[in-house]
Amino acid sequence: MITIDLITGFLGAGKTTFIRKYATHLMEQGLNIGILENDHGAVNVDAMLLQDILGEHCTLEMVAGGCDADCHKRRFKTKLIAMGMCGYDRILVEPSGIFDMDEFFDVLHEDPLERWYTIGNVITIVDVSQPLPLSETSRYLLASQASEAGTIIFSHMDDANDAQVMAMKNYLFDTYHEIKIQTLPKQVIIDKPLDQLSDSDYKAIMTSGWHNAEYTKLWFDTDKSYDSLYFMNMDFTAEFLEESCPKLFQDPNCGNIFRIKGFQQLPDGSWLSVNATKKQTVLTPVPNGQAILIIIGEDLHQDVIERYWGRSCV
């Protein structure tokens, strides 16, 4: 059977960064790896950020987004059926940051997937620099994802202080009580920079498993709770992005922006990947990209955002 790992985490937590390191470690052990980007969005920018590790022993597939939940679930199952015949030793699934855990477990327990796959580990990435408090919906998503994980990895530890780390840990464990988990799961806790993960850390992660947590379900419509605005073919310079992105996060009239991501082509034809959070804006040269910038958040106000960026979004 093929082992399948689920890597969850809130928007911008660092799932893609961890997957790059995790997949590299697994390939060094001689395993053939498949990565499935399972995003509800119509355009998956994160998939393009994994291109550098792809090759003979690691390939990437995507579930097309832009459809309703039932359609997305069918596409997810169809893709796993196809990947089940490709000779992978392990598949890593990276879902959207607004992913309902039930979809993963429900699909894996359907025929024929239950005969082909075994669930290995659920790994949740939690950003210690995430501004607190979160909205009710976001707290629920954080708690429901983390409570079923065998491993919790606290990300963005490089420049976090002890108070930030402790505040996020306490906040996370408090959210478990909010959704009325009766017994707290025993989990592997990783609270060091990802670059410092050792072989023993990876061994602990790979054997941490997952938990069938029972908790009070919160119904919500992700289409109404979270927004995505798409800006295509923008003529922005690196300097403009470095200046404008922090302003968007700081202006409450824009809404509660979680993340800005995408790619920008510069006048000389070169490309930048754009990954901005409330904490920082990171622009990284890349060989190629797709001319799109995506703003993700809650209660976004398109008209206000367009005043900063000067053109309509789609």
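For the structure, see preceding data.
Quick notes on the rules
- Residues numbered from 1 in each chain as written.
- Predicted model: local features only at pLDDT ≥ 70, side-chain atom pairs only at ≥ 80, totals over all residues.
- Heavy atoms only, no water.
- 1 Å grid on protein atoms, 1.4 Å probe; cavity = no way out; pocket = protein on both sides within 12 Å on 5 of 7 lines; lining within 4 Å.
- Points joined across faces, edges and corners; volume = space filled by probe spheres on them.
- Nonpolar A, V, L, I, M, F, W, Y, C, P; charged D, E, K, R; others polar.
- Helix = DSSP H or I, 4+ residues; strand = E, 2+ residues; numbered from the N terminus.
- Axes fitted to C-alpha atoms, helices over the stretch in contact; angles between N-to-C directions.
- Parallel < 35°, antiparallel > 145°, perpendicular 65-115°, else oblique.
- Contact = heavy atoms within 4.5 Å.
- Phe/Tyr/Trp six-rings, centres within 6.5 Å; stacked < 30°, edge-to-face > 60°.
- Buried < 20%, exposed > 50% of the residue type's maximum accessible area, 1.4 Å probe, protein only.

Taken as a whole, this structure holds 2 cavities of 30 Å³ or more when the rule is applied. Put simply, the largest cavity is a space of about 100 Å³. Across the lining of the largest cavity, the residue classes tally to 5 nonpolar, 4 polar and 3 charged. Computed from the structure, the second largest cavity encloses a volume of approximately 70 Å³. Along its surface, the second largest cavity is lined by Phe10, Ala13, Ile125, Val126, Asp127, Gln130, Leu132, Leu134, Leu142 and Met168. Of all the elements, strand β5 (residues 117-127) adds the most residues to the lining of the second largest cavity, at 3 residues. Among the residues making up the lining of the second largest cavity, the classes are represented as 8 nonpolar, 1 polar and 1 charged.

It is the contact of helix α1 (residues 15-28) with helix α8 (residues 199-206), at a shortest axis distance of 12 Å, that shows an interaxial angle of 100°. Considered as vectors, α1 and α8 are oriented roughly perpendicular to each other. Across the interface between the two elements, Phe18, Lys21, Tyr22, His25 and Leu26 of α1 pack against Asp199, Tyr202, Ile205 and Met206 of α8. For the contact of α1 with α8, the class distribution of residues is 6 nonpolar, 1 polar and 2 charged.

Aromatic rings considered in pairs are described by the distance between their centres and by the relative angle of their planes. Scanning the entire structure with this criterion turns up 9 aromatic pairs. A centroid spacing of 4.9 Å and a plane angle of 80° characterise the contact between phenylalanine 231 and tryptophan 309, whose relative ring orientation is edge-to-face. Of the two residues, phenylalanine 231 is situated in strand β8 (residues 227-232) and tryptophan 309 in helix α11 (residues 302-309); the sequence distance between them amounts to 78 residues. For phenylalanine 231, a relative accessible area of 1% puts it in the buried group. Each residue in the set Phe231, Phe236, Phe240 and Trp309 is aromatic and connected to the rest through ring pairs, giving one cluster.

Distances and angles like these do not, on their own, reveal function.
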